[in-house]
Each structure stands twice: as structure tokens, then as C-alpha cells.
Amino acid sequence: MKEQKGVGRMWNLYKMGGFTPAIASMLGSQNAQQMAFIRNVNKEQRKQSMFDMPLKELEVVVFDLETTGFYPTNGDEIISFGAVMFRGGEVVENECFYSLVNPKRKIPKAIVELTGITNEMVQDAPDLMQVLHDFMEFVGRRLLVAHASGHDKQFLNAALWRTSKVNLNHRVLDTMMVAKWLEPNLEGYSLDDLLDSCCIPITERHHALQDSIMTAKLWQNYLARILERNITTLGDLYAYLSKH
């Protein structure tokens, strides 16, 4: 019998044993397990509504990515993930996540100078699938927080789709959006501007974990001010943000 290839082989495997055995055969068991985990986390996230959750009880993961550029659809890649837990109104710095990623392409000189991440440093780093799996395991079903989150969401969505054919179902709260509502008269809303405005020491910028920790401290400052305005749930906060 002629050997089956590609989609036909995968479809027969699917009929015999389901999606996981099919992708295990095509991709290898480890990648298959990682993909299945990522897909399941995103599936479960669709079932969860956080709008009634009291803000002071909300557990979030504050994260940041470093990348080779600005365009994931034009060959740019993630080179590091950083994240830190925020629980009970406090930054939990000993519960954090950091990993370099092998982008399988050359890091531009400007990015090396900006981030300090060199081609030699990522040469033996894990690939995107492995780090994305570990990152999603750390995040679980928690709300995500990031500063100027459009860039990070764009790359995270591209990574999820490329590795697992899913889109990000986690809500991402943007500290820049919150800042524009709380402090409408600031001249600038970069992370440096907002850290300076809140008297938060600036440490190592453009390092994914350090930027995550500083953003978490910024969120801590804003959360206290939000609660002072008698905004008590995530749904209430989104309602206010949508008007500004």
C-alpha cells in the first residue's frame, strides 16, 4: 500500500486516536504534549469570567517580552520572556519567570545594544515552543498585565498561533491605559515616564524580568488609587476605562 503523507496521514491518525496522537506522530511527543497543554489553557480561559472578581483579591501575572524588532509577521521573533506574580496587592518577586529564547535568526545590532542579549547568549537557549509552554504554565488562568501591551500581545498571539494554532484568550490589562485615565495631564506615558511620576526606582530597563517587576510596582501604585475611587471589581474598572 502506498505510504500516506501530510494531511491524509494526519487525518487517519486523528480518526483512529484523536488530535493528540495525530500531532504526536507529526511533531514528536514532547511538542505534541506542549501544544496540547497550550491549547487546553486557552480553551479553559474562554470559560472563565473575571468581571465580578474584587480587584483587591485579583491574582495577576505582569509580563514583558523582548523581541528582535516590531513585526512578528515579517520575521521578527521573541528573544526573552519575563513575568512576575502579583497577589493580594503585593508584588511577589520570588514567584517569577524568565527565559531567553533561541529566535533561530540573527539579532540586530540595535536590539543587542538595547537589551544586552547577544546572539551567543541565545544560541543554546530553548526554542519558542518550550518557553511558551513554560510561560503559559506559569500564567495559568490568571489575568495578564503589561505596559503598552499592544506590542507584547501581537508577538504572543503570533507565537501561540504558529506553535499551537490558538489565539490568546487571556485578558491583558494595560498600565498605559490605566495611567492615561488616572493621570490625564502627564506629558508622556512611556514606562520610564510613569515610573518617574510614581517615584519608582528604575533599575535594568529592557530586561524582560526587570521591566515586569517595575511594571508590577506601577500596577501596585495604580491599584491602590483605583480602590480609593471605590472601583472594586475588574468589570467596574473596564467600564471606567472604556469611557476614557
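Going by the structure above, here's the rest.
Residues numbered from 1 in each chain as written. Predicted model: local features only at pLDDT ≥ 70, side-chain atom pairs only at ≥ 80, totals over all residues. Heavy atoms only, no water.

### Here's the deal with the sheet that holds strand S5 (residues 172-174)
The line we're drawing: The pairing criterion is simple: DSSP has to find at least two bridges between the two strands. What counts as a helix is a DSSP run of H or I of at least four residues, what counts as a strand is a run of E of at least two, and both are numbered from the N terminus. What counts as an axis is a line fitted to C-alpha atoms, over the stretch in contact for a helix, and the angles between N-to-C directions run from 0 to 180 degrees.
Strand order in the open sheet formed by five strands is S3-S2-S1-S4-S5, and the pairing between neighbours is mixed. The open sheet has two free edges, formed respectively by strand S3 (90-100) and S5, since each of these has just one partner strand. For this sheet, the mean inter-axis angle between neighbouring strands, taken without regard to orientation, is 30°. Pairing of strand S1 (residues 60-67) with strand S2 (residues 78-87) involves eight bridges; the strand directions are antiparallel. Considered in S2, the bridge of Val62 is made with Val84.

### Some points on the environment of Glu66
Formally: Here the term buried applies to any residue with accessible area under 20% of the maximum for its type, exposed to any over 50%, and partly exposed to those in between, with areas from a 1.4 Å probe on protein chains only. By definition, residues are in contact when any of their heavy atoms lie within 4.5 Å.
Relative to the elements of secondary structure, Glu66 occurs in strand S1. Judged by relative accessible area, which is 7%, Glu66 ranks as buried. With sequence-adjacent residues up to four places away left out, Glu66 is seen in contact with Glu77, Ile78, Ile79, Ser80, Thr115, Ile117, His206, His207, Ala208 and Asp211.

### Concerning the packing of helix H8 (residues 175-182) against helix H10 (residues 208-228)
What describes two packed helices is the angle between their axes and the distance between those same axes. Short version of the rule: When an angle is under 35 degrees it counts as roughly parallel; over 145 it counts as roughly antiparallel; between 65 and 115 it counts as roughly perpendicular; any other value is oblique. Put simply, a crossing is left-handed when the front helix is turned counterclockwise from the back one by less than a right angle, and right-handed when it is turned clockwise.
Running from N to C, H8 and H10 point in directions that differ by 40°, and their axes come no closer than 11 Å. Taken together, H8 and H10 sit at an angle that is classed as oblique. As H8 runs across H10, the sense of the crossing is left-handed. Across the interface between the two elements, Thr175, Val178, Ala179, Trp181 and Leu182 from H8 touch Thr215, Leu218, Trp219, Tyr222, Arg225 and Ile226 from H10.

### Some remarks on the pairing of S3
Of the pairings in the sheet, the one linking S2 to S3 comprises eight bridges and is antiparallel in character. The residue bridging Met85 from the neighbouring strand is Val92, located in S3.

### Focus: helix H11 (residues 234-242)
What counts here: The reported arc concerns the directions from the helix axis to the C-beta atoms and nothing else.
Within H11, the full set of buried residues consists of Leu234, Leu237 and Leu241. Along the axis of H11, the buried positions cluster into a sector of 60°, meaning they face one direction only.

### Notes on the packing of aromatic side chains
Test applied: When two rings of Phe, Tyr or Trp (its six-membered ring) have centres within 6.5 Å they constitute a pair, described as stacked for plane angles under 30 degrees, edge-to-face for angles over 60, and tilted for the intermediate range. Counting as a charge over the ring demands two things of the Lys NZ or Arg CZ atom: a distance within 6 Å of the ring centre and an angle within 35 degrees of the ring normal.
In this structure the tally under the stated criterion is seven aromatic pairs. Summarising the aromatic geometry, the rings of Phe51 and Tyr238 are spaced 5.8 Å apart at their centres and angled 85° between planes, so their arrangement reads as edge-to-face. Note that Phe51 is positioned in the loop between helix H3 (29-46) and S1 and Tyr238 in helix H11, a separation of 187 residues in sequence. If you follow Arg171 out to its NZ or CZ, it ends over the ring of Tyr238, 5.3 Å from the centre. Just above the ring of Trp181 sits the side chain of Arg229; from NZ or CZ to the centre is 5.0 Å.

The values are spatial; any link to function lies outside them.
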